[in-house]
Amino acid sequence: MSSHDLLDIVRRDPRAEWIARNRLHPLHGTLVDDDAAEVRGPSGLLRKYPHRVGFIGPNGIKRIDRLKGNAAASGKGRRSAAQEVQLPLHRVENPDFYIVVVADMVGGRLTGHDKDVLGQAHKLAAGIEGAGAVLTVGFGSAKEEHFDTAGVDRLLVLDDDIYEGYCPEQRLAALLQVENEYQPRHWLFPDSVNGGTDLGSRLAARLHERPAVQAWQVDHQTAVCRGAGGTMDITRETPRLLMLAEECADQIDETRHEALPVTLTPVSVISQLQDQGPVAVDPNAVALAEAEFILSAGNGIHDWDQFHAAAAVLGATEGASRVAVDDGFMPRFRQVGATGTWVTARVYLAVGISGAIQHMQGIGQCDKVIAINTDAGCDMVKRASLSAIGDSEEILGELIKRVQAFRAQPSIEGDQDAA
Ligand SMILES: Cc1cc2nc3c(=O)[nH]c(=O)nc-3n(C[C@H](O)[C@H](O)[C@H](O)COP(=O)(O)OP(=O)(O)OC[C@H]3O[C@@H](n4cnc5c(N)ncnc54)[C@H](O)[C@@H]3O)c2cc1C
């Protein structure tokens, strides 16, 4: 054996090995970098930890930054969850033309459908010569905070009292003002029951335009629309006014937009229609597929009377996991999931539901999911925007009490009477 070979021998250090294994030892950090993806152990062996590559993003999903190399392995450059990527700003200073998107803005926020339509607006603008700006019109008070990343170049929010409630004549008058002021190249509406179809049809009639309805594949030349109850496609030249189906285009995700506010002087019109306000309905009479707010029960519900009481107090439509149905606690038509109903609620409150894949398939279209569960690591909690970790009985009990106390406030009672 040569002296060179002797130098290559890695001598084991049992004490160092022990310290490296013992995470609580004060010297553990000096021997092992817990965050490193590759560690040379005291025995000289290189150990790779694939699970330590990448970082957990703000929504809890693991991300691996392949462009910048292995951030975790370098020991530095680990991105904090709060750090956001600044998208490049798309600026249109002096627009040559406008494309107007009339957004549904349900609850004051852009819906997924609105964002699809905004994506379509930019696709159309890109196909037309000159610099086009996407002007978004929304009625009622806006709570949306991300107009810029949704693709809004100019923003017109009409939140005066005259636009509150169901007032299509008033809204139409505002759109006609926009027509006069901006002469839009295209008018785009979500073809939806949330207002887009109604308003789009009214404007088309007033402007004597023949709109494309249920348009789902559109460029500046041709528009493909679903016809005959979705059984056939109709291709036509792209008209000026389009009512677009959901998922008509990719949403904006690579640019930031100015969302510059613009104003319009409101004009009051004499309306033939009068909004009498919302009418109370039994939430359980609403079809599960159409319900806006669902309280759903799983195997983690043990007090069923309390669950039904909670649904009644919250005014929610009841849903259930398959286990709850199979065990006979809920009727089959209440089952949510792959073999039940696919729901599209704006809020889905899942109580004691683990989040099995078959259940998750049924709630893929829900806007906000709230989970109540004892298991903080279950898939439903990972999917949820908000979670309450604890016993369902205790949390529902407290929720019922608080909602009842809230409803008992004199100002709320007054509002309800007025409604
Ligand atoms: C072909 C096929 C189709 C299926 N289709 C569907 C379908 O359409 N819909 C569907 O839902 N399932 C479906 N399933 C079943 C699915 O795989 C799951 O078994 C089911 O969704 C689990 O229901 P669960 O979450 O209520 O129950 P479990 O998986 O038992 O979860 C119960 C949850 O409750 C929590 N919990 C327990 N006690 C409490 C407490 N006191 N307070 C709060 N939380 C508590 C637990 O932590 C757990 O997360 C299907 C399965 C197959 C094979």
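Residues numbered from 1 in each chain as written. Predicted model: local features only at pLDDT ≥ 70, side-chain atom pairs only at ≥ 80, totals over all residues. Heavy atoms only, no water.

This brings us to the site of the ligand. For the ligand, the set of nearby residues contains 25 residues, the closest of which are S321, T339, S354, N373 and D391. At 2.6 Å from an oxygen atom of the ligand is found a side-chain nitrogen or oxygen belonging to S321. A338 has a polar backbone atom sitting 3.1 Å from an oxygen atom of the ligand. Here the ligand has 980 Å² of accessible area as a free molecule, and 73% of this is covered by the chains. Breaking the shell around the ligand down by element, the ones donating at least two residues are helix 9 (322–326) and helix 10 (357–362). Looking at the shell around the ligand residue by residue, the class counts come to 5 nonpolar, 17 polar and 3 charged. (Near = heavy atom within 4 Å. Polar contact = N/O pair within 3.5 Å; in protein donor to acceptor, adjacent residues only side chain to side chain. Areas by Shrake-Rupley, 256 points an atom, 1.4 Å probe, with all protein chains shown as cover. Helix = DSSP H or I, 4+ residues; strand = E, 2+ residues; numbered from the N terminus. Nonpolar A, V, L, I, M, F, W, Y, C, P; charged D, E, K, R; others polar.)

The next subject is the pattern of salt bridges. The final tally for this structure, using the stated rule, is 11 salt bridges. With a closest N to O distance of 2.9 Å, R332 and D326 form a salt bridge. Accessibility expressed as a relative area gives 45% for D326, which makes it partly exposed. Here the salt bridges share partners, and the residues they tie into one network are R91, R154 and E258. (Salt bridge = Lys/Arg side-chain N within 4 Å of Asp/Glu carboxyl O. Buried < 20%, exposed > 50% of the residue type's maximum accessible area, 1.4 Å probe, protein only.)

What follows is about unusual backbone geometry. Unusually for a residue other than glycine, Q183 sits at a positive phi of about 45 degrees. Mapped onto the elements of the fold, Q183 is located in the loop between helix 6 (168–182) and strand 9 (186–190). Phi is positive for Q214, which is not a glycine, with a value near 50 degrees. Mapped onto the secondary structure, Q214 falls in strand 10 (residues 212–218).

The subject of this paragraph is the side chain of S392. Looking at where S392 falls in the secondary structure, it is placed in helix 12 (residues 392–408). In terms of polar contacts, S392 uses its side chain to reach the backbone carbonyl oxygen of G300, at 2.8 Å. The residues touching S392, leaving out its near neighbours within four places in the chain, are G300, I301, Q306, V351 and I372. (Contact = heavy atoms within 4.5 Å.)

Moving on: helix 7 (residues 196–207). Here helix 7 contains 12 residues, and its C-alpha end-to-end distance of 16 Å stays within 8% of the 16 Å for a straight helix at 1.5 Å per residue. Looking only at helix 7, the buried set comprises G196, L199, G200, L203, A204 and L207. Projected down its long axis, helix 7 carries its buried residues within an arc of 135 degrees, all on one side. Contacts made by the buried residues of helix 7 are with strand 6 (97–102), strand 7 (132–139), helix 6, strand 9 and strand 13 (241–244). (Expected span 1.5 Å × (residues − 1). Arc of directions from axis to C-beta.)

All right, on to the sheet that holds strand 16 (residues 293–297) then. Reading across the sheet, the 5 strands line up as 17-16-18-19-20 and stay open at both edges, with parallel pairing between neighbours. Lying at the two open borders of the sheet, with one neighbouring strand each, are strand 17 (317–320) and strand 20 (386–389). Averaged over all neighbouring strand pairs, the angle between strand axes comes to 20 degrees, with direction disregarded. Across 5 bridges, the pairing between strand 18 (residues 347–351) and strand 19 (residues 368–373) is parallel. (Pairing = 2+ DSSP bridges. Axes fitted to C-alpha atoms, helices over the stretch in contact; angles between N-to-C directions.)

Model confidence for the protein chain is summarised by a mean pLDDT of 86, while 82% of its residues fall at 70 or above. Within the model, the stretch residues 68–83 combines pLDDT values under 50 with 17 contacts to residues more than four positions away or in other chains. (pLDDT = per-residue confidence, 0-100.)

Structurally, V313 is set in helix 8 (residues 304–314). Overall, V313 belongs to the buried group, its relative accessible area being 15%. For the pair V313 and K401, spaced 88 residues apart in sequence, the C-alpha to C-alpha distance is 9.4 Å.

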